[in-house]
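What the coordinates show
Letter by letter, the chains look like this.
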Amino acid sequence: MIRTEGLTKIFGEKVAVKNLTMEIPRGTFFCFLGPNGAGKTTTIKMLTGLMRPTKGRAFIGGIDIQENPVEAKKLIGFVPDHPFLYDKLTGREFLKFVAGLYRISEPEYKERMEELIHLFELTQVIDELIEDYSHGMRQKLSFTACFLHKPEVVIVDEPWVGLDPKNIRFVKNYLKEKTRSEELTVFMSTHTLGIAEEIADIIGIIHNGSLCAFGSVEQIKALSDKPGNLEDVFLELTKDTDEVSMRDEK
Amino acid sequence: MSEVLAILYAKKNILKHQILSVKDESKLKISVITISAIAIWLGIFFGLYEGFEWLLKFGSRSGIEVNIGELLMARMFTLLVSAVFLFLIFSNVLVAFFTLYKAEEVQYLLHAPISFDKFFLVRFLECVVFSSWSVAFLGVPLILAYGFSIKAPVIFYITALVFFLPFILIPASIGNLITMFLVLIFPRLKLRTMVIIGIIGVVFLFWYVSSMLRGTRISEDTILPVFVSATSRVQSPLFPPYWFSEGVLNSAKLNLSEVTFWFLVLIANAIFFPYICTVLANYIFYPGFSELQGGGRRRSKFLGKGLLENIDTLLKWLPHPYQPLVVKDIKLFWRDATQWSQFIIFFGIMAIYIANLRNTTKYFEEEMWRSFIACMNIASLSLILATLTSRFIFPLISLEGHRFWIIGLAPITLRQILWQKFWLSVMTSAPFTVGLAVLSGYMLQLAPLYYFLTVFSVILMNFGLSGLAVGLGALYPSFEEDNPARIVSGLGGTLNLLLSIFYIALVVASQTLILQWRVLQHFTSPQIFRWALGGVIVFVSLLTFLAVFVPMTLGYKNLQSVEY
C-alpha cells in the first residue's frame, strides 16, 4: 500500500533521507522510529507530497505521489503532532470544510460526521469555536477530520501529544481495529516505543537518514546481541548518535 | 461541494465569527477606532476636495480657454491610480509570500487532494482581499472628492466601483507571480549572487526615483510643462492604471463608448492575468514550496557569521536581563527576510525624502512659508517614525506568541520585558530618525529656532511613539498570529496607528500654531512668544509622558492577566 523506491532527500550537503526503499502491505500497522533529526519528518513530507524527493519515488496505493498527487492524496489521511485547525471555525464547520476538500457528498459526510463525533466524544463541543478547545479535543477533532473521507492510508506523526491515557488507549485500539476490519494501512511516526512494541505489525528504524532496521517486532528484537525489550534494541541500533553528540559536547 | 468552494465556505465562516467576536472587544477600543477611521476618511475627503477645488480655480485663472486645472486633476488622478497600482504590486508580493508559502494552513491544505492551480486560486483570492481592502477604504474619498469637485454624474461613481474590482486583480497577479518566481529562483542562488542582485535592484530604484524627482521639482518656474511632461510617463495606453483612469474620467463626461472600450480592455486583462498565474502556479508553485521546506538546513551554514550574528558579544555590556532579550529580538528580526526587507524600503523612503528636500526653501522667501515647511518637516519625520514603530515595534509582544511562557516563566518581571521592548525601540529608531531630523534641517537651511524644534520634537516622539507601540502591543496582543503584517492590520494595530497619528497631530499642531502666530505678529512682545513657546514645550513633553506611561501601564496590567 505504501512503497518507496530509493527515496532520497538532500539539503545542500546534508543527506536527510538516504536511499529509502521499503514496502508496507495493505492492512499493516507500521511504526516508524528514529532519534530526533533522523529523517522521519522529511520522509513523511515526501510520502504526503509536501516535499519533492531529490531522487527516488513514493507510491500510495500504487500511485506515484509526485506524478499524480491529487489521486494519491485522496487515499491519505494525515494527523500531525500539533494539529492545525482554523480557530475561528466551529468543530462542525471545520468538518464540513474538510468534507468539501475531499469532495464527500452531503448525505455521506453528515452521516459519517455524526458517527465520528459520537465516537471521539466531541458531541458537547462540536458547535463551539475551535479556539476554545483543549489540546486533547483539538487532537480528537483532527482524528475525526482524518477519518471523514475513509482513507486507505493513515499517516500519523506522534499522535499522543496532549491525549489523556483513556484517549491514547482509544486511539490506539481504534487504529488497530481499523487495520484489521477495513484493511487500513497505518504509518505512524512515534517516540513512544512501548506503544510501538504493543501494536506494530512492522517496525522501521531510521537513523542518520538510512533505514537501519525493518521487520516485525520479533525480527527487530532479534537484531540485538542481547535481545530485550524494543527500547534496548532501539538504543543499541542508534547509539552512535549519542556518542557523537557526547563527543560534540566535550 | 468543490474544494475551492469548501475553502471559501470556511473563509466566509471565519470572517463571520471574527466579525461577531468584535462585540467581545473593548467598547472603548472599537469607539476610538471607528471615530478615528471616520475622521481620517473625512480628512482625506476634504483635503482632496479642497485641493481639487483649488486646482480648478487655479486653472480657470490661467487666461487660456481650456481649464489647465482640469488637465492637472486628470493627470493627478492617473498619477494616484499609478501609485496605488505599484503599491498593490508590492503589497501583494509580501502578502503572497505568507499566504502561499508560510501560513500555517498551507501545509494542511496541501495534504488534501487539491490541485496546485485550485490551491493557488483560493489563496490568490485571499491575497487580493487582504492586500486591497485598505486601497478600497482610502480610494472612496478620492473618488468622491474628485466627483464632487467636477460635479460628476452618478455613472462616474458606478464606473469607479465596477472598474475597481477587475483593476485590483492585475497588480495582485503580477505580485503573486513575482513571489512565486522569487521563491523558485532565490533558494537556488548562492548568497553572493543574491546580494549582487539586491544591490543592483536598489541602485536602479534610486536612479529611477531620483530621475523622476529631477523632472518634478515644484519650485521650478516652468512647473506646468515640467509636471505635464513628467506625468506623461503614466499616460501610456499599455499601462493598466491608464485604462482605469481613462474609463473613470470618461464616465464623468458621459463618453460611454470610451468607458465601454476601457472596461473591456480592463476585464480582458483581469481575466488574462489571474488565468496565466493559475496556469503557471501548476508548474512553479510546488518546486518552490518544496525547496522552501528544507530552507532551514541551507540557511544554517550562514549562521554564526557576520556582524549581526555576533551581536551577543557586541551587546555584552547590557545589563541582565536586557542583553539576552535584546539579542533575541535583533536576531529574530534579522533572520526574518520579510521583516528586514521592509525595513530597507523605509530607508529608501527616507533617502527619497532627503533627496526631494534639495534647494526647496530657497524658493520660499516668506517667513510664513519657511516656518510652515519646518512644521511639515516635523510632521513628515514623525510619520516615518510612526510607520516604523507601528510596523516593527507594535508586533514585538504578539510575536512572542506561543513562546511567551518561555520569558513569562523566566526570573524576569513582565515590567522588565515591556521596558526592554521600549528601550529597544527607542535605541534602534532614534539614530535613524534623529539623524534624519539633523540632515533634513541642514538641507532645508532651517533657522536655529526651527532647527531646535525639529530635533527636539523628533527626540521626544521617539519616546512617545515607542511607548504607544509597545504599550498597545501588550494591551492588544495577538498571540495566535505569526505574521507581523497581519498583527499590525488587526484592531490593536489600527488603534496604535490612529493614536500615533493623533499624538503627532497634537504635537505638530501646537508648534505650528505658535510659530504661525509669531510670523503673523499676533504676539505683542518677544517675551510673550517665549512664554508661549515654553508652554508648548511643556505641553508636548507632558503629552509624551502620557503617551509613554498610560499605554505601558495598561499593557503591563493586561499581560499580568493573560494566562500562558
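Residues numbered from 1 in each chain as written. Chains lettered and ligands numbered in written order. Predicted model: local features only at pLDDT ≥ 70, side-chain atom pairs only at ≥ 80, totals over all residues.

**Some remarks on the overall build of chain B**
Secondary structure assignment for chain B yields 22 helices and zero strands. Considering only intrachain contacts with a sequence separation of at least 6, the fraction spanning at least 24 residues in chain B is 80%. (Helix = DSSP H or I, 4+ residues; strand = E, 2+ residues; numbered from the N terminus. Contact = placed C-beta atoms within 7 Å.)

**Observations concerning the sheet that holds strand β5 (residues 63–64) of chain A**
Residue and element names in this part refer to chain A. Judged by pairing direction, the sheet is antiparallel, and its four strands sit side by side in the order β2-β1-β4-β5 without closing on themselves. In the strand order of this sheet, the two ends are held by β2 (14–24) and β5, each with one partner. Two elements, strand β1 (residues 2–11) and β2, share seven bridges in a ladder whose sense is antiparallel. When the sheet's bridge partners are listed, Ile10 is paired in β2 with Val15. (Pairing = 2+ DSSP bridges.)

**Some thoughts on the nonpolar core**
One finds Phe30, Phe94, Val98, Leu148, Val153, Val186 and Phe187 of chain A to be the most contacted residues of the largest nonpolar core, which totals 179 residues. It is helix α3 (residues 68–102) of chain B that provides the largest number of residues to this core, a total of 12 residues. (Core = buried A, V, L, I, M, F, W, Y, C linked by C-beta atoms within 7 Å. Buried ≥ 20, exposed ≤ 12 C-beta atoms within 10 Å, placed from the backbone.)

**Structural notes on the domain arrangement of chain A**
All names here are of chain A. For chain A, the assigned domains are domain 1 (25–75 + 151–250) and domain 2 (84–150). Listed as interface residues are nine residues of domain 1 and, on the opposing side, 10 residues of domain 2. For the side of domain 1 that touches domain 2, the residue count by class is five nonpolar, two polar and two charged. (Domains from an automatic or database assignment. Nonpolar A, V, L, I, M, F, W, Y, C, P; charged D, E, K, R; others polar.)

**Examining the interface of chain A and chain B**
On the chain B side, the residues contacting the 24 residues of chain A number 29 residues. No other element matches helix α3 (residues 91–101) of chain A, which puts four residues into the side of chain A that touches chain B.

**What about the pairing of β1 of chain A?**
Residue and element names in this part refer to chain A. Between β1 and β2, which follow one another and run antiparallel, lie two residues, and Gly12 among them has a positive phi close to 60 degrees. Note that β1 and strand β4 (residues 55–60) share five bridges and pair antiparallel. Opposite Thr4, over in β4, you have Ala58 as the bridge partner.

**With respect to the confidence of the model for chain A**
Any region with low pLDDT has predicted coordinates that should not be read closely. Looking at chain A as a whole, its pLDDT mean stands at 84, while 95% of the residues score no less than 70. Here residues 242–250 of chain A scores under 50 on pLDDT; set against residues more than four positions off or in separate chains, the count is zero contacts. (pLDDT = per-residue confidence, 0-100.)

**Re unusual backbone geometry**
In this structure, Glu183 of chain A takes a positive phi of about 55 degrees despite not being glycine. Position of Glu183 of chain A relative to the elements: it lies in the loop between α6 (165–181) and β8 (185–189). Located in the positive-phi region is Gln445 of chain B, a residue other than glycine, with phi close to 50 degrees. Gln445 of chain B sits in the partly exposed class, given 14 other C-beta atoms within 10 Å.

**Section: the packing of α3 of chain A against helix α5 (residues 135–147) of chain A**
All names here are of chain A. α5 packs onto α3 with a crossing angle of 30 degrees between their chain directions and a minimal axis gap of 9 Å. The angle between α3 and α5 falls in the class roughly parallel. The two elements α3 and α5 meet at a crossing, and its hand is right-handed. Together, Gly91, Phe94, Leu95 and Val98 of α3 and Leu141, Thr144 and Ala145 of α5 make up the contact between the two elements. (Axes fitted to C-alpha atoms, helices over the stretch in contact; angles between N-to-C directions. Parallel < 35°, antiparallel > 145°, perpendicular 65-115°, else oblique. Left-handed = near helix turned anticlockwise from the far one by under 90°.)

**Concerning the sheet that holds β8 of chain A**
Residue and element names in this part refer to chain A. Read from one edge to the other, the open sheet built from six strands follows the order β6-β7-β8-β3-β9-β10, with strand pairing classed as mixed. Edge positions in the sheet fall to β6 (76–79) and β10 (210–215), since each of these pairs with one other strand and no more. Adjacent strand axes in the sheet meet at a mean angle of 15 degrees, parallel and antiparallel pairs treated alike. Both strand β9 (residues 202–207) and β10 contribute to a ladder of five bridges, which runs antiparallel. Within the sheet, the bridge partner assigned to Gly204 lies in β10 and is Phe214. Along the sheet face, α5 touches β6 and β7 (153–157) and points at about 175 degrees away from the line of β6.

**Notes on the packing of helix α1 (residues 3–20) of chain B against helix α5 (residues 116–149) of chain B**
Residues and elements named next belong to chain B. The geometry of α1 relative to α5 is characterised by a closest axis approach of 9 Å and an angle of 30 degrees between their N-to-C directions. By the angle class used here, α1 and α5 are roughly parallel. As α1 packs across α5, the resulting crossing turns out to be right-handed. For the pair formed by α1 and α5, the contact residues are Glu3, Val4, Ile7, Leu8 and Lys11 on the first element and Lys118, Leu121, Val122 and Glu126 on the second. A per-class count over the contact of α1 with α5 returns five nonpolar, no polar and four charged.

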